[in-house]
Amino acid sequence: MDRILKGIMRYRSVKKEKMVKQFKEVKDNPTPKAVFFTCIDSRMIPTRFTQTNVGDMFVVRNAGNIIPHSQHFLDELTTNEPAALELGCVVNDIRHIIVCGHSDCKAINLLYKLQDSEFASQDNRRISPLRAWLCTHALTSLEKFQQLEVTDYGKPLIFQAETPMRKFVAYIDPENKFTIEDKLSQINTLQQLQNIASYGFLKKRLEKHQLHIHALWFDIYTGEIYYFSRGAKRFVVIDEENLDKLLQEVEKYYS
């Protein structure tokens with residue numbers, strides 16, 4: 001708390017005036033361009049690594065950057081994530097949803113261990129909200145990972161895209177650069193696109209190409225950020241060499 005309070009004092013002396021000015025500028029005409037889902041990991045600072053500013057994005061964070069599938073909610077039961085989708089994409093007419101996973105994700109590392117039935121037992125879930133959260137909402141990611149595992153990580157996976165009829169192929173870490181848990185993290189990130197598309201209140205927008213879903217993945221130990229390219233069928237590092245190709249893909253499929 002000492003560090004936080006002193007940080008607030010630095011904000012007051014250095015940043016406050018500029019930020020209040022920006023808040024006033026967007027007050028009557030806010031134009032956020034994306035709903036950005038990412039992990040609560042303290043190393044993930046999305047506004048910094050995307051260089052976005054006040055009013056640019058809605059940011060939603062939870063353990064493992066998970067958007068629960070709509071099948072888990074009946075009647076009026078729900079969680080924060082679909083409520084954020086409605087607030088962003090319906091109420092505020094935002095056209096782009098981004099899910100950003102990352103390397104060395106503690107939630108995903110735990111998800112990998114949940115393959116052990118005793119570790120994932122009901123008794124253990126009762127004393128661990130994190131295990132319960134992952135067992136309820138991330139087992140589909142684990143099942144996809146197990147499909148990849150039996151092929152020795154060589155064959156592609158297929159994910160549903162914006163509609164049940166639209167699917168995309170994904171090669172997960174074809175160069176074998178990352179750990180097993182990081183491969184699971186990339187799969188989990190892509191699985192969330194499928195989960196997002198399960199919500200009926202987004203159906204028409206997705207069908208009419210009025211709403212687009214994207215995946216990013218952040219390697220925290222190199223600082224590199226990857227974009228999932230449906231053309232390349234893999235996560236592609238965003239750098240000087242690939243930027244033009246990625247911009248062309250976005251223009252072609254997501255504008």
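Preceding this paragraph is the structure being described.
Our subject in this report is the structure included herewith.

Rules and cut-offs
- Residues numbered from 1 in each chain as written.
- Predicted model: local features only at pLDDT ≥ 70, side-chain atom pairs only at ≥ 80, totals over all residues.
- Heavy atoms only, no water.
- Helix = DSSP H or I, 4+ residues; strand = E, 2+ residues; numbered from the N terminus.
- Pairing = 2+ DSSP bridges.
- Axes fitted to C-alpha atoms, helices over the stretch in contact; angles between N-to-C directions.
- Contact = heavy atoms within 4.5 Å.
- Salt bridge = Lys/Arg side-chain N within 4 Å of Asp/Glu carboxyl O.
- Buried < 20%, exposed > 50% of the residue type's maximum accessible area, 1.4 Å probe, protein only.

1. Describing unusual backbone geometry
Backbone geometry places Asp 173, a non-glycine residue, at a positive phi of 50 degrees. Assignment of secondary structure puts Asp 173 in the loop between β5 (167-170) and α9 (180-196). Positive phi values are uncommon outside glycine, yet Lys 233 reaches one of about 65 degrees.

2. Focus on the sheet that holds strand β8 (residues 234-237)
With mixed pairing, six strands are arranged side by side in an open sheet as β2-β1-β3-β6-β7-β8. What marks the edges here is a single partner per strand, and that holds for β2 (57-62) and β8. In this sheet, adjacent strand axes meet at a mean angle of 25 degrees when their direction is disregarded. In the packing of helix α4 (residues 80-91) onto the sheet, the strands contacted are β1 (34-39), β2 and β3 (96-102), and the crossing angle to β2 comes to about 175 degrees.

3. Let's talk about the pairing of strand β4 (residues 157-160)
When β4 meets β5, the two strands line up antiparallel, connected through four bridges. Each bridged residue has a counterpart across the sheet, and for Gln 160 the counterpart in β5 is Lys 167. The antiparallel pairing of β4 with β5 creates a hairpin that spans six residues between the two strands.

4. A look at the pattern of salt bridges
Two side chains that carry opposite charge are able to pair once their charged atoms sit near each other. For the coordinates displayed, the defined rule picks out twelve salt bridges. Ionic pairing is found between Asp 104 and Arg 43, a salt bridge with its closest N-O pair at 3.1 Å. Residue Asp 104 is located in the loop between β3 and α5 (106-113), and its partner Arg 43 is located in the loop between β1 and α3 (46-49); the two are separated by 61 residues in the primary sequence. Note that Arg 166 and Glu 162 form a salt bridge whose closest N and O atoms lie 3.2 Å from each other. Given a relative accessible area of 29%, Arg 166 falls into the partly exposed group. Each of Asp 41, Arg 43, Asp 104 and Lys 106 takes part in salt bridges that share partners, so that together they form one network.

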